[in-house]
Amino acid sequence: MHRPIDESGHGAGDGAGRGPVPPPYRPHPVPPVDNGGRSAPGDGVPDPGRVDPRVLGALLARHGWRRRGGAAGRYGRWTPPGSGPGGGTSLLVPDTLAFPDCEDLIGEALTALARSGTPSAREVLTGLAVPSDEIRWWREVPTGPAGTVPWPVQEQLRSAARKILLAGALAVRGRAGYHGSRHRAAAQAALEPVVVGTDPGGRALTAFLPVPPGRPVAVRLYHALHAAREAVDYQRATGGMDAFDSAVEAGVSRELTEGLVALVRGTEGARVALAWAPAAGVPEGCAARPEPVEFSPGDLPALREASARYLTDEPSVPVRVTGAVVRMRRSGPRGEGRVRLRVLGGADVGHVRVTLDEEAYRTAGHAHLVGLPIRVVGRLESRGGFRRLTGASGVVPVQVDEAERDRLMKSLHENLDFLEEACEPEEER
């Protein structure tokens, strides 16, 4: 289950975006303060000598801090979101590194951020500790008696954001109207370094995508979200779905439209916004300050229709799969049977099911008993998420090195129910 890493908030910045993802998660850098009264490098606060004051200023502005005076060209005084000209914590941040005391001023500012009770202070420190692009989700939903969003509604936001992030990671690995189980393990692994923070009121989520390796996901989502918005507008204006077909090249897919449906459903509106890591600059082909992409309940019919269209229109894929047999079942002692393969190569999925005729089924059983995988030619069907191989032919055992063969034999001995269940009917999953 998704677990928020931090309960950090957000400020009224430049409208840039931020939000969560699938487990496991990397925790927020926790900024304790040493006994000397100043945060030390390595304790979760960046080394002042490595912090560019321009990057610090850009992050403060993004997260709602206000510059209120200071000597032009030398330093600026920043106050947190919601504070008046003379109230709250203030930071003295140099404009450049040209003066002898600049590093000391930056160190004092970082220590003040680490001690600050302002929610956005942690987000600024996170952006400094690991240069990250930010993605933020907002949902307009009714609040509870204490001004916060009920827990089930917060879970809906987390789930929707997780789906959208995964859709972006899948699109990095290939354009498709429906990905199914293809590339899923690699996409989830690409999201492991992402840091997630939540708004105290439960209306927003922020994802920090470290520039290496997370920038490709952020860039793909930037293009995909704008393409989805344009496709929805076209469908609502003309009734045609053609724009969704061309939007696939930008990264729009069934997975993304389902994530957007989950984000918007039950709200008065939702927004997704992105902001680039100041230290890494703006990626090619993207706006320097992207505007939030907004969706409303009136967009749901078009998104649902597109989701169904992507599911039915994605073609099957011809493949030649090499896989280890992990399960065999048939209804009697003779005739065709079903085999489940753990894919070793030839398809970007973890497992596939395939129906084999009697001779091919016998070949698969013999290969499994001697610790060999098999190779089979067929078509990977989109129905069921690309987990089924149809039209199977050319089933042959494949020679592997001794280490792999020993591992496959060990797997056979550890799963003695393999043969005991051979005649039980297989359940459709």
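Residues numbered from 1 in each chain as written. Predicted model: local features only at pLDDT ≥ 70, side-chain atom pairs only at ≥ 80, totals over all residues. Heavy atoms only, no water.

Asker: Just checking my understanding: could you explain the overall build of the protein chain for this structure?
Answerer: What the protein chain contains, in helices and strands, is 12 helices and 13 strands. Put simply, the protein chain has 429 residues, and 50% of those count as buried. Nonlocal contacts in the protein chain, meaning residues at least 24 apart in sequence, comprise 69% of its contacts between residues at least 6 apart. By element, 51% of the accessible surface of the protein chain is carried by carbon and sulfur atoms, the whole surface being about 19300 Å². (Helix = DSSP H or I, 4+ residues; strand = E, 2+ residues; numbered from the N terminus. Buried < 20%, exposed > 50% of the residue type's maximum accessible area, 1.4 Å probe, protein only. Contact = heavy atoms within 4.5 Å. Areas by Shrake-Rupley, 256 points an atom, 1.4 Å probe, with all protein chains shown as cover.)

Asker: How should I be thinking about the pattern of salt bridges in this particular structure?
Answerer: Once their charged atoms are close, side chains differing in charge can pair, the charge on each being opposite to the other. Summed over all chains, the structure comprises 17 salt bridges. Across the pair D299 and R229 runs a salt bridge whose closest N-O atoms are separated by 2.7 Å. Within this pair, whereas D299 is found in the loop between β8 (293-295) and α9 (300-313), its partner R229 is found in helix α6 (residues 211-238), the two being separated by 70 residues in sequence. For the pair shown, D299 and R229 are each scored as buried. Between R254 and E258 there is a salt bridge whose closest N-O contact spans 2.9 Å. Pair noted here: R254 and E258 are both in helix α8 (residues 254-264), with a separation of four residues, about one helical turn. Judged by relative accessible area, which is 16%, R254 ranks as buried. Put simply, R229, D233, R236 and D299 are held in one network by salt bridges that share partners. (Salt bridge = Lys/Arg side-chain N within 4 Å of Asp/Glu carboxyl O.)

Asker: How should I be thinking about the nonpolar core in this particular structure?
Answerer: Note on soluble globular proteins: their nonpolar side chains tend to be buried together. Within the largest apolar cluster, 54 residues are counted, with the highest numbers of intra-cluster contacts made by W137 and L256. In terms of residues, this core owes the most to one element, α6, which gives 11 residues. Ignoring sequence-local partners within four residues, the contact set of L256 consists of I164, A167, L221, A224, L225 and G251. In this structure, Y178, L356, A364 and L389 belong to the second largest nonpolar core, which totals 24 residues. (Core = buried A, V, L, I, M, F, W, Y, C linked by side-chain atoms within 4.5 Å.)

Asker: Explain the sheet that holds strand β11 (residues 351-356) to me, please; I cannot follow it from the model alone.
Answerer: Note: strands within a sheet are paired through backbone hydrogen bonds, in either parallel or antiparallel orientation. In spatial order, the strands read β9-β10-β11-β13-β12; together these five strands close into a barrel with mixed pairing. The average undirected angle you get between the axes of adjacent strands in this sheet is 50°. Inspection of the sheet shows strand β9 (residues 317-329) paired to strand β12 (residues 374-381) by seven bridges, in the antiparallel sense. For P318, the partnering residue across the bridge sits in β12 and is R379. The strands that helix α10 (residues 358-369) touches are β9, β10 (337-345), β11, β12 and β13 (388-397); relative to β9, the one it contacts most, it runs at about 65°. (Pairing = 2+ DSSP bridges. Axes fitted to C-alpha atoms, helices over the stretch in contact; angles between N-to-C directions.)

Asker: I would appreciate a short explanation of unusual backbone geometry in the present structure.
Answerer: For residues that are not glycine, phi is negative in most cases, and the peptide bond is trans in most cases. Here the residue pair P212 and P213 is connected by a cis peptide bond, since its omega of 10° sits within 30 degrees of zero. Inspection of the secondary structure puts P213 in helix α6. Positive phi outside glycine occurs at H183, with the angle close to 60°. Mapped onto the fold, H183 is located in the loop between α4 (151-173) and α5 (184-190). Unusually for a residue other than glycine, F386 sits at a positive phi of about 60°. Note on placement: F386 falls in the loop between β12 and β13.

Asker: Looking at this structure, how should I read the packing of aromatic side chains?
Answerer: The geometry of an aromatic ring pair comes down to the distance between the two centres and the angle between the two planes. Inspection of every chain in the model, using the stated rule, returns three aromatic pairs. Ring centres of F244 and Y310 lie 6.4 Å apart, and the angle between their planes is 80°; this geometry places the pair in the edge-to-face category. Within this pair, whereas F244 is found in helix α7 (residues 242-247), its partner Y310 is found in helix α9, the two being separated by 66 residues in sequence. The exposure classification of F244 matches that of Y310, with both residues buried. Above the ring of F99, the side-chain terminus of R74 is found at 4.3 Å from the ring centroid. Here R271 stacks its cationic end above the ring of W138, 4.4 Å away from the centre of that ring. (Phe/Tyr/Trp six-rings, centres within 6.5 Å; stacked < 30°, edge-to-face > 60°. Lys NZ or Arg CZ within 6 Å of the ring centre and 35° of its normal.)

Distances and angles like these do not, on their own, reveal function.
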